[in-house]
Amino acid sequence: MNMMEEIKTFAMGFFAKAPGSHDWQHVLRVRNLCLHIAETEGADRQVLEIAAYLHDIGRPAQEASRGRICHGERGAKIAGEFLERYPLDRETRNNILHCIRTHRFRGNHAPKTLEAKILFDADKLDAIGAVGVARAFLFAGEVGATLHNPYLDPEEAEAYSEEDTGYREYKLKLAKIKERMLTREGKRLAQERHAFMEAFFERFLEEVEGRV
């Protein structure tokens, strides 16, 4: 087994009990988006592939702590210890860890390298568009939320509760993602996915409110 396969296998072990909204399939989609954007931006494919496989390995700790632990920071710590066994130069290794540490939408660290910006964009692209809509409702189901709550302002709804609907996720986070993209290709893809998502939620509100 080569280095990349070993890293992939190591990362997969963290997703055995992962909820569907943040499962191994999400990791693979992010990996594919990273490699696509890397082609147009001229980025380091090896750094991005490793970082993509490892970017969410800290999520089990975040979920167990109900958000008190940052999965980006925890993941970078775990990855740093794991990657010591491989012959990666210091610059490459540090870049991988920087990518993992800075990929969160609500994180406290800004992506500075091209590769970190690409991972950030790829992770956000998987949160919008058709897949993003599906993941928003899947997550809402995981926390026991209702389909829609027309009597509560999304800004006042409580996260990780029955009030955390797919529409709340759209209003508070997903609708803002296209403005946060960092690469040219990421911005292009985000515009397309945002347009689909916006049209979906407009239709969604019409239907749940009984408008015909």
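In this text, all values refer to a predicted model and were calculated from it rather than measured experimentally. (Residues numbered from 1 in each chain as written. Predicted model: local features only at pLDDT ≥ 70, side-chain atom pairs only at ≥ 80, totals over all residues. Heavy atoms only, no water.)

**As for the overall build of the chain**
For the chain, the count of helices and strands is ten helices and zero strands. Start at the N end of the chain and walk to the C end: the helices and strands fall as α-α-α-α-α-α-α-α-α-α. Against the globule reference of 17 Å for 212 residues, the chain gives a C-alpha radius of gyration of 18 Å, in line with a compact fold. Dimensions of the chain, computed from C-alpha atoms along their principal axes, come out at roughly 60 × 35 × 30 Å. In the chain, buried positions account for 49% of the 212 residues. Of the contacts made within the chain by residues no fewer than 6 positions apart, 62% connect residues no fewer than 24 positions apart. For the chain, the computed accessible surface area is about 10900 Å², with 48% contributed by carbon and sulfur atoms. With 32 positive and 35 negative side-chain charges, the chain shows a separation of 3 Å between the mean positions of the two kinds. (Helix = DSSP H or I, 4+ residues; strand = E, 2+ residues; numbered from the N terminus. Rg over C-alpha atoms; globule rule 2.2 N^0.38 Å. Buried < 20%, exposed > 50% of the residue type's maximum accessible area, 1.4 Å probe, protein only. Contact = heavy atoms within 4.5 Å. Areas by Shrake-Rupley, 256 points an atom, 1.4 Å probe, with all protein chains shown as cover. Lys, Arg positive; Asp, Glu negative; His and termini not counted. Charge placed at Lys NZ, Arg CZ, Asp CG, Glu CD.)

**Observations concerning the packing of helix α6 (residues 90-101) against helix α7 (residues 114-125)**
For the pair α6 and α7, the least separation of the axes is 8 Å and the interaxial angle reads 30 degrees. As for how α6 packs across α7, the hand of that crossing is right-handed. Along its contact with α6, which presents Asn95, His98, Cys99 and Ile100, the element α7 presents Glu115, Ala116 and Leu119. (Axes fitted to C-alpha atoms, helices over the stretch in contact; angles between N-to-C directions. Left-handed = near helix turned anticlockwise from the far one by under 90°.)

**Some points on the packing of aromatic side chains**
In this structure the tally under the stated criterion is 14 aromatic pairs. Consider the rings of Phe82 and Tyr86, whose centres lie 5.5 Å apart with planes at 70 degrees: the pair is edge-to-face. Pair check on accessibility: Phe82 and Tyr86 agree, each one buried. Both rings, one in Phe200 and one in Phe201, keep their centres 5.1 Å apart while their planes meet at 90 degrees; by these two values the pair is edge-to-face. Chaining the aromatic ring pairs together yields one cluster made of Phe137, Tyr167, Tyr170, Phe200, Phe201 and Phe204. The ring of Phe120 has Lys124 lying over it, and the distance from NZ or CZ to the ring centre is 4.3 Å. (Phe/Tyr/Trp six-rings, centres within 6.5 Å; stacked < 30°, edge-to-face > 60°. Lys NZ or Arg CZ within 6 Å of the ring centre and 35° of its normal.)

**Overview of the nonpolar core**
Core analysis: the biggest nonpolar cluster contains 51 residues, and Ile7, Leu54 and Leu83 have the highest contact counts within it. Filtering out sequence-adjacent residues up to four positions away, Leu54 remains in contact with Ile7, Phe10, Ala11, Ala79, Leu83 and Ile100. (Core = buried A, V, L, I, M, F, W, Y, C linked by side-chain atoms within 4.5 Å.)

**What to know about the packing of helix α3 (residues 45-54) against α7**
Each packed pair of helices is defined by two parameters, the angle between the axes and the distance between the axes. Packing of α3 against α7 brings their axes to within 10 Å, and their N-to-C directions diverge by 45 degrees. Between α3 and α7, the angle falls in the class oblique. Between α3 and α7 lies a crossing of right-handed hand. Here Val47, Leu48, Ala51 and Ala52 of α3 come into contact with α7, specifically with Glu115, Ile118 and Leu119. (Parallel < 35°, antiparallel > 145°, perpendicular 65-115°, else oblique.)

**Description of the side chain of His26**
Looking at the element boundaries, His26 is found in helix α2 (residues 24-41). Accessibility expressed as a relative area gives 1% for His26, which makes it buried. Within the structure, the side chain of His26 is placed 3.4 Å from the side chain of Arg135, a separation counted as a polar contact. (Polar contact = N/O pair within 3.5 Å; in protein donor to acceptor, adjacent residues only side chain to side chain.)

**Thoughts on the environment of Arg93**
For Arg93, the location among the structural elements is in helix α6. Through-space distance from the C-alpha of Arg93 to that of Ile50 is 9.7 Å; in sequence the pair is 43 residues apart. Beyond its immediate chain neighbours, meaning those up to four positions away, Arg93 contacts Gly80, Glu81, Leu83, Glu84 and Leu88. From its side chain, Arg93 meets the backbone oxygen of Gly80 in a polar contact 2.6 Å long.

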